[in-house]
Amino acid sequence: RSGEMPMSMLLYGPSGSGKTLIAGLVSAYLGLPFISLSMADANSNELQTALELAEDGGVLFLDELQAAKKATKDSILVSLDPNKPKNFVAIAATTDPGDLSLPLRRRFPLEIPLVEYTVSEAEELVTQRAQGLDLRLEPGAAFMIARTARANPARITRLITEARMLVDDGEVLERKTFLGHLEDTGRDARGIDDTEIEMLTFLRDESTGPAGMSKFVDVLGLDMRYVREKLHMLRREGLVKNMGRTGHIISKKGKEYLETRCL
(Lines give C-alpha, C1' and ligand atoms only; values in the text may rest on other atoms or scores of the structure.)
Protein backbone atom coordinates (compact mmCIF):
# COMPACT_ATOMS: atom_id res chain seq x y z
CA ARG A 1 0.00 0.00 0.00
CA SER A 2 2.93 2.32 0.66
CA GLY A 3 4.18 1.80 -2.88
CA GLU A 4 7.51 0.52 -1.54
CA MET A 5 8.85 -3.01 -1.92
CA PRO A 6 8.17 -5.03 1.28
CA MET A 7 11.16 -6.07 3.35
CA SER A 8 12.52 -9.61 3.11
CA MET A 9 10.71 -12.04 5.38
CA LEU A 10 11.21 -15.46 6.94
CA LEU A 11 8.19 -17.73 7.41
CA TYR A 12 8.71 -20.59 9.81
CA GLY A 13 6.49 -23.33 11.10
CA PRO A 14 5.67 -27.02 10.63
CA SER A 15 5.22 -28.62 7.22
CA GLY A 16 1.77 -28.02 5.79
CA SER A 17 1.09 -24.87 7.82
CA GLY A 18 0.78 -22.62 4.76
CA LYS A 19 4.20 -21.05 4.17
CA THR A 20 4.12 -21.52 0.39
CA LEU A 21 0.48 -20.39 0.30
CA ILE A 22 1.30 -17.13 2.11
CA ALA A 23 4.21 -16.40 -0.24
CA GLY A 24 1.90 -17.00 -3.20
CA LEU A 25 -0.71 -14.65 -1.72
CA VAL A 26 1.92 -11.91 -1.32
CA SER A 27 2.85 -12.39 -4.97
CA ALA A 28 -0.77 -12.19 -6.09
CA TYR A 29 -1.48 -9.15 -3.92
CA LEU A 30 1.52 -7.27 -5.30
CA GLY A 31 0.81 -8.43 -8.85
CA LEU A 32 4.37 -9.69 -9.24
CA PRO A 33 5.69 -12.97 -10.73
CA PHE A 34 6.18 -15.81 -8.24
CA ILE A 35 9.65 -17.32 -8.55
CA SER A 36 10.00 -20.42 -6.37
CA LEU A 37 13.18 -22.33 -5.59
CA SER A 38 13.62 -25.41 -3.39
CA MET A 39 16.85 -24.80 -1.50
CA ALA A 40 17.23 -28.51 -0.73
CA ASP A 41 18.02 -29.13 -4.40
CA ALA A 42 19.21 -25.77 -5.74
CA ASN A 43 22.84 -24.87 -6.39
CA SER A 44 24.47 -21.42 -6.55
CA ASN A 45 23.99 -21.15 -10.33
CA GLU A 46 20.26 -21.85 -10.07
CA LEU A 47 20.00 -19.30 -7.27
CA GLN A 48 21.73 -16.66 -9.40
CA THR A 49 19.36 -17.39 -12.30
CA ALA A 50 16.36 -16.96 -9.99
CA LEU A 51 17.82 -13.71 -8.62
CA GLU A 52 18.29 -12.33 -12.12
CA LEU A 53 14.65 -13.13 -12.93
CA ALA A 54 13.52 -11.53 -9.67
CA GLU A 55 15.44 -8.33 -10.37
CA ASP A 56 12.90 -7.52 -13.09
CA GLY A 57 10.33 -7.38 -10.28
CA GLY A 58 8.99 -10.42 -8.49
CA VAL A 59 8.55 -12.42 -5.32
CA LEU A 60 11.48 -14.79 -4.80
CA PHE A 61 10.43 -17.71 -2.61
CA LEU A 62 13.27 -19.72 -1.07
CA ASP A 63 11.72 -22.89 0.32
CA GLU A 64 13.46 -25.14 2.87
CA LEU A 65 16.14 -22.56 3.54
CA GLN A 66 17.69 -24.68 6.30
CA ALA A 67 18.48 -27.41 3.74
CA ALA A 68 20.53 -25.18 1.43
CA LYS A 69 24.17 -26.09 0.80
CA LYS A 70 26.82 -23.86 2.38
CA ALA A 71 27.87 -22.32 -0.95
CA THR A 72 24.26 -21.47 -1.71
CA LYS A 73 23.76 -19.90 1.72
CA ASP A 74 26.89 -17.82 1.15
CA SER A 75 25.41 -16.60 -2.14
CA ILE A 76 22.22 -15.59 -0.33
CA LEU A 77 24.24 -13.60 2.21
CA VAL A 78 25.84 -11.62 -0.62
CA SER A 79 22.72 -11.23 -2.79
CA LEU A 80 20.45 -10.11 0.05
CA ASP A 81 22.89 -7.63 1.57
CA PRO A 82 20.61 -5.08 3.29
CA ASN A 83 22.74 -2.23 1.90
CA LYS A 84 22.17 -3.45 -1.66
CA PRO A 85 19.02 -2.11 -3.41
CA LYS A 86 16.59 -4.80 -4.56
CA ASN A 87 13.69 -4.76 -6.98
CA PHE A 88 12.07 -7.87 -5.53
CA VAL A 89 10.65 -9.36 -2.34
CA ALA A 90 12.62 -12.25 -0.86
CA ILE A 91 10.54 -14.69 1.19
CA ALA A 92 12.24 -17.67 2.81
CA ALA A 93 10.54 -20.62 4.48
CA THR A 94 11.88 -23.09 7.01
CA THR A 95 10.61 -25.67 9.44
CA ASP A 96 13.63 -25.14 11.72
CA PRO A 97 14.74 -21.51 12.14
CA GLY A 98 17.23 -22.66 14.77
CA ASP A 99 19.22 -24.37 12.01
CA LEU A 100 19.93 -21.01 10.35
CA SER A 101 22.99 -18.95 11.19
CA LEU A 102 22.44 -15.52 12.70
CA PRO A 103 23.89 -13.66 9.65
CA LEU A 104 21.50 -15.57 7.38
CA ARG A 105 18.48 -14.82 9.57
CA ARG A 106 19.41 -11.13 9.56
CA ARG A 107 18.90 -11.11 5.78
CA PHE A 108 15.18 -11.56 6.56
CA PRO A 109 14.32 -8.82 9.08
CA LEU A 110 10.63 -9.70 9.20
CA GLU A 111 10.15 -13.10 10.89
CA ILE A 112 6.67 -14.60 10.85
CA PRO A 113 5.98 -17.71 12.93
CA LEU A 114 3.12 -19.96 11.84
CA VAL A 115 1.71 -21.75 14.87
CA GLU A 116 -0.07 -25.08 14.74
CA TYR A 117 -3.83 -25.31 14.84
CA THR A 118 -5.56 -26.65 17.92
CA VAL A 119 -7.70 -29.74 17.32
CA SER A 120 -10.89 -27.64 17.77
CA GLU A 121 -9.68 -25.12 15.17
CA ALA A 122 -8.78 -27.99 12.87
CA GLU A 123 -12.24 -29.50 13.39
CA GLU A 124 -13.78 -26.26 12.08
CA LEU A 125 -11.45 -26.41 9.09
CA VAL A 126 -12.53 -30.01 8.39
CA THR A 127 -16.18 -28.94 8.45
CA GLN A 128 -15.50 -26.09 6.01
CA ARG A 129 -13.51 -28.27 3.61
CA ALA A 130 -16.16 -31.01 3.76
CA GLN A 131 -18.91 -28.52 2.90
CA GLY A 132 -16.83 -27.33 -0.05
CA LEU A 133 -16.80 -30.90 -1.41
CA ASP A 134 -20.46 -31.57 -0.55
CA LEU A 135 -19.32 -34.22 1.92
CA ARG A 136 -21.77 -34.93 4.73
CA LEU A 137 -20.18 -36.04 7.98
CA GLU A 138 -21.61 -38.11 10.80
CA PRO A 139 -21.41 -36.24 14.15
CA GLY A 140 -17.92 -36.76 15.54
CA ALA A 141 -16.37 -37.52 12.13
CA ALA A 142 -14.98 -33.98 11.76
CA PHE A 143 -13.14 -34.30 15.07
CA MET A 144 -11.85 -37.73 14.08
CA ILE A 145 -10.45 -36.41 10.78
CA ALA A 146 -8.88 -33.41 12.56
CA ARG A 147 -7.29 -35.74 15.12
CA THR A 148 -5.97 -38.12 12.47
CA ALA A 149 -4.53 -35.15 10.55
CA ARG A 150 -2.90 -33.94 13.80
CA ALA A 151 -4.52 -30.58 13.17
CA ASN A 152 -2.32 -30.02 10.10
CA PRO A 153 -4.11 -28.15 7.26
CA ALA A 154 -2.28 -29.97 4.45
CA ARG A 155 -3.12 -33.37 5.96
CA ILE A 156 -6.72 -32.30 6.50
CA THR A 157 -7.00 -31.50 2.79
CA ARG A 158 -5.62 -34.92 1.85
CA LEU A 159 -7.86 -36.78 4.31
CA ILE A 160 -10.98 -34.91 3.21
CA THR A 161 -10.19 -35.82 -0.41
CA GLU A 162 -9.78 -39.48 0.60
CA ALA A 163 -12.97 -39.37 2.67
CA ARG A 164 -14.98 -37.96 -0.24
CA MET A 165 -14.10 -41.03 -2.31
CA LEU A 166 -15.44 -43.37 0.38
CA VAL A 167 -19.07 -42.35 -0.05
CA ASP A 168 -21.54 -41.75 -2.86
CA ASP A 169 -23.09 -38.33 -3.51
CA GLY A 170 -25.41 -37.37 -0.65
CA GLU A 171 -24.28 -40.28 1.54
CA VAL A 172 -23.07 -39.54 5.08
CA LEU A 173 -19.51 -40.49 5.95
CA GLU A 174 -19.69 -42.63 9.08
CA ARG A 175 -16.85 -42.81 11.57
CA LYS A 176 -16.56 -46.58 11.23
CA THR A 177 -16.15 -46.19 7.45
CA PHE A 178 -13.35 -43.69 7.94
CA LEU A 179 -11.66 -45.86 10.58
CA GLY A 180 -11.84 -48.84 8.25
CA HIS A 181 -10.16 -46.80 5.52
CA LEU A 182 -7.35 -45.81 7.89
CA GLU A 183 -6.79 -49.43 8.87
CA ASP A 184 -6.72 -50.51 5.22
CA THR A 185 -4.08 -47.87 4.46
CA GLY A 186 -1.78 -48.65 7.39
CA ARG A 187 -2.78 -45.80 9.70
CA ASP A 188 -4.53 -45.55 13.02
CA ALA A 189 -6.93 -42.95 14.44
CA ARG A 190 -3.97 -40.83 15.53
CA GLY A 191 -2.62 -40.73 11.98
CA ILE A 192 0.44 -42.81 12.84
CA ASP A 193 1.48 -44.76 9.77
CA ASP A 194 3.76 -47.70 9.00
CA THR A 195 6.80 -45.47 8.45
CA GLU A 196 6.44 -43.91 11.89
CA ILE A 197 6.02 -47.37 13.40
CA GLU A 198 9.26 -48.36 11.66
CA MET A 199 11.02 -45.30 13.10
CA LEU A 200 9.75 -46.03 16.61
CA THR A 201 10.74 -49.68 16.33
CA PHE A 202 14.22 -48.67 15.19
CA LEU A 203 14.63 -46.39 18.21
CA ARG A 204 13.41 -49.09 20.57
CA ASP A 205 15.15 -52.18 19.19
CA GLU A 206 18.15 -51.16 17.09
CA SER A 207 19.48 -47.76 18.09
CA THR A 208 22.13 -47.96 20.81
CA GLY A 209 21.54 -44.33 21.80
CA PRO A 210 19.90 -41.14 20.56
CA ALA A 211 19.54 -41.19 16.77
CA GLY A 212 20.01 -38.08 14.64
CA MET A 213 17.99 -37.47 11.49
CA SER A 214 20.84 -38.63 9.27
CA LYS A 215 20.68 -42.02 11.02
CA PHE A 216 17.08 -42.52 9.90
CA VAL A 217 18.09 -41.52 6.38
CA ASP A 218 21.01 -43.98 6.29
CA VAL A 219 19.41 -46.95 8.06
CA LEU A 220 15.79 -46.69 6.90
CA GLY A 221 16.44 -45.10 3.51
CA LEU A 222 14.13 -42.15 4.13
CA ASP A 223 14.30 -38.64 2.72
CA MET A 224 15.67 -36.02 5.15
CA ARG A 225 12.67 -33.71 4.79
CA TYR A 226 10.34 -36.66 5.34
CA VAL A 227 12.25 -37.68 8.49
CA ARG A 228 12.11 -34.13 9.83
CA GLU A 229 8.36 -33.99 9.34
CA LYS A 230 7.76 -37.42 10.87
CA LEU A 231 9.90 -36.68 13.94
CA HIS A 232 8.01 -33.44 14.48
CA MET A 233 4.73 -35.34 14.53
CA LEU A 234 6.08 -38.08 16.80
CA ARG A 235 7.36 -35.45 19.23
CA ARG A 236 3.98 -33.76 19.20
CA GLU A 237 2.36 -37.08 20.09
CA GLY A 238 4.87 -37.54 22.92
CA LEU A 239 6.19 -40.79 21.41
CA VAL A 240 9.79 -39.59 21.00
CA LYS A 241 12.00 -37.15 22.89
CA ASN A 242 14.44 -34.70 21.38
CA MET A 243 17.76 -34.98 23.21
CA GLY A 244 19.28 -31.97 21.44
CA ARG A 245 22.25 -32.37 19.13
CA THR A 246 22.62 -36.06 19.99
CA GLY A 247 19.27 -36.90 18.38
CA HIS A 248 16.01 -38.56 19.40
CA ILE A 249 15.05 -41.43 21.70
CA ILE A 250 11.78 -43.27 22.11
CA SER A 251 9.77 -42.20 25.14
CA LYS A 252 8.03 -44.45 27.65
CA LYS A 253 4.76 -43.45 26.01
CA GLY A 254 6.23 -44.48 22.66
CA LYS A 255 7.19 -47.93 23.95
CA GLU A 256 3.73 -48.40 25.41
CA TYR A 257 2.19 -47.34 22.11
CA LEU A 258 4.25 -49.90 20.18
CA GLU A 259 3.19 -52.68 22.54
CA THR A 260 -0.46 -51.71 22.07
CA ARG A 261 -0.13 -51.36 18.29
CA CYS A 262 1.49 -54.79 17.95
CA LEU A 263 -1.22 -56.60 19.90
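First, a word on scope: everything that follows refers to the structure included in this document.

The rules behind the values
Residues numbered from 1 in each chain as written. Predicted model: local features only at pLDDT ≥ 70, side-chain atom pairs only at ≥ 80, totals over all residues. Heavy atoms only, no water. Pairing = 2+ DSSP bridges. Helix = DSSP H or I, 4+ residues; strand = E, 2+ residues; numbered from the N terminus. Axes fitted to C-alpha atoms, helices over the stretch in contact; angles between N-to-C directions. Contact = heavy atoms within 4.5 Å. Buried < 20%, exposed > 50% of the residue type's maximum accessible area, 1.4 Å probe, protein only. Right-handed = clockwise from strand over helix to strand, strands pointing away. Parallel < 35°, antiparallel > 145°, perpendicular 65-115°, else oblique. Left-handed = near helix turned anticlockwise from the far one by under 90°. Nonpolar A, V, L, I, M, F, W, Y, C, P; charged D, E, K, R; others polar. Patch = residues over 30% accessible without salt bridge, like charges linked within 9 Å, V, L, I, M, F, W, Y side chains within 5 Å. Areas by Shrake-Rupley, 256 points an atom, 1.4 Å probe, with all protein chains shown as cover. Salt bridge = Lys/Arg side-chain N within 4 Å of Asp/Glu carboxyl O. Core = buried A, V, L, I, M, F, W, Y, C linked by side-chain atoms within 4.5 Å.

Here we look at the sheet that holds strand β3 (residues 58-63)
- One open sheet accounts for 5 strands, arranged β2-β3-β4-β1-β5; its pairing is parallel. Of all the strands in the sheet, just β2 (34-38) and β5 (110-113) have a single pairing partner and so form its edges. Strand-to-strand twist across the sheet, computed as the mean angle between neighbouring axes with direction ignored, equals 20 degrees.
- Here β2 pairs with β3 via 5 bridges, running parallel. Bridging from a neighbouring strand, S36 pairs with F61 of β3.
- Packing of helix α2 (residues 44-54) onto the sheet brings it into contact with β2, β3 and β4 (88-94), and relative to β2 it is tilted by some 170 degrees.

Some points on unusual backbone geometry
- Even without being glycine, E64 reaches a positive phi, approximately 55 degrees.
- Along the chain, E64 falls in the loop between β3 and α3 (70-79).
- One non-glycine residue, D134, lies in positive phi territory at about 55 degrees.
- Checked against the element boundaries, D134 lands in the loop between α5 (119-132) and β6 (136-137).

Some words on the pairing of β3
- In terms of burial, β3 is largely enclosed, as 6 of its 6 residues are buried.
- The β-α-β motif built from β2, the intervening α2 and the parallel element β3 has right-handed crossover chirality.
- Pairing of β3 with β4 involves 5 bridges; the strand directions are parallel. Pairing of F61 across the sheet is with I91, part of β4.
- Between β3 and its parallel partner β4, the chain crosses via α3, and the hand of that crossover is right-handed.

Remarks on the packing of helix α9 (residues 194-205) against helix α12 (residues 252-261)
- Two elements in contact, α9 and α12, have axes whose closest approach is 10 Å; the angle formed by their N-to-C orientations is 120 degrees. With respect to α12, the axis of α9 lies oblique. Crossing of α9 against α12: the hand is left-handed. Along its contact with α9, which presents D194, I197, L200, T201 and R204, the element α12 presents K255, Y257, L258 and R261.
- Taken together, the residues of the contact of α9 with α12 sort by class into 4 nonpolar, 1 polar and 4 charged.

With respect to a nonpolar patch on the surface
- A surface patch of nonpolar side chains, amounting to about 290 Å² of accessible area, comprises M5, Y29 and L30.
- Secondary-structure assignment places L30 in helix α1 (residues 19-30).

Let's talk about the pattern of salt bridges
- Counted according to the given criterion, the structure contains 17 salt bridges.
- Note that R236 and E116 form a salt bridge whose closest N and O atoms lie 3.3 Å from each other. Here R236 is found in helix α11 (residues 224-236), whereas its partner E116 is found in the loop between β5 and α5, with 120 residues between them in sequence.
- Since its relative accessible area comes to 34%, R236 is described here as partly exposed.

Overview of the pairing of strand β1 (residues 9-12)
- Examined bridge by bridge, β1 and β4 share 4 bridges and lie parallel to one another. When the sheet's bridge partners are listed, Y12 is paired in β4 with T94.
- Relative to β5, β1 is paired through 4 bridges, and the arrangement is parallel. Each residue of the ladder has a partner; that of L10, found in β5, is E111.

Side note on the nonpolar core
- Ranked by internal contacts, the top residues of the largest apolar core, which has 21 residues, are L60, L62, L65, I76 and F108.
- When contributions to this core are tallied by element, the ones reaching two or more residues are β2, α2, β3 and β4.
- The dominant element in this core, judged by the number of residues it contributes, is α2, at 4 residues.
- The residues contacting I76, other than those within four sequence positions of it, are M39, L47, L62, L65, L104 and F108.

Quick look at the environment of L173
- Among the secondary structure elements, L173 is positioned in strand β7 (residues 172-173).
- The sequence separation of L173 and A142 amounts to 31 residues, and the corresponding C-alpha distance is 9.8 Å.
- Residue contacts for L173: discarding those within four places in its chain leaves L135, R136, L137, E138, A141, I145, A163, L166, V167 and F178.

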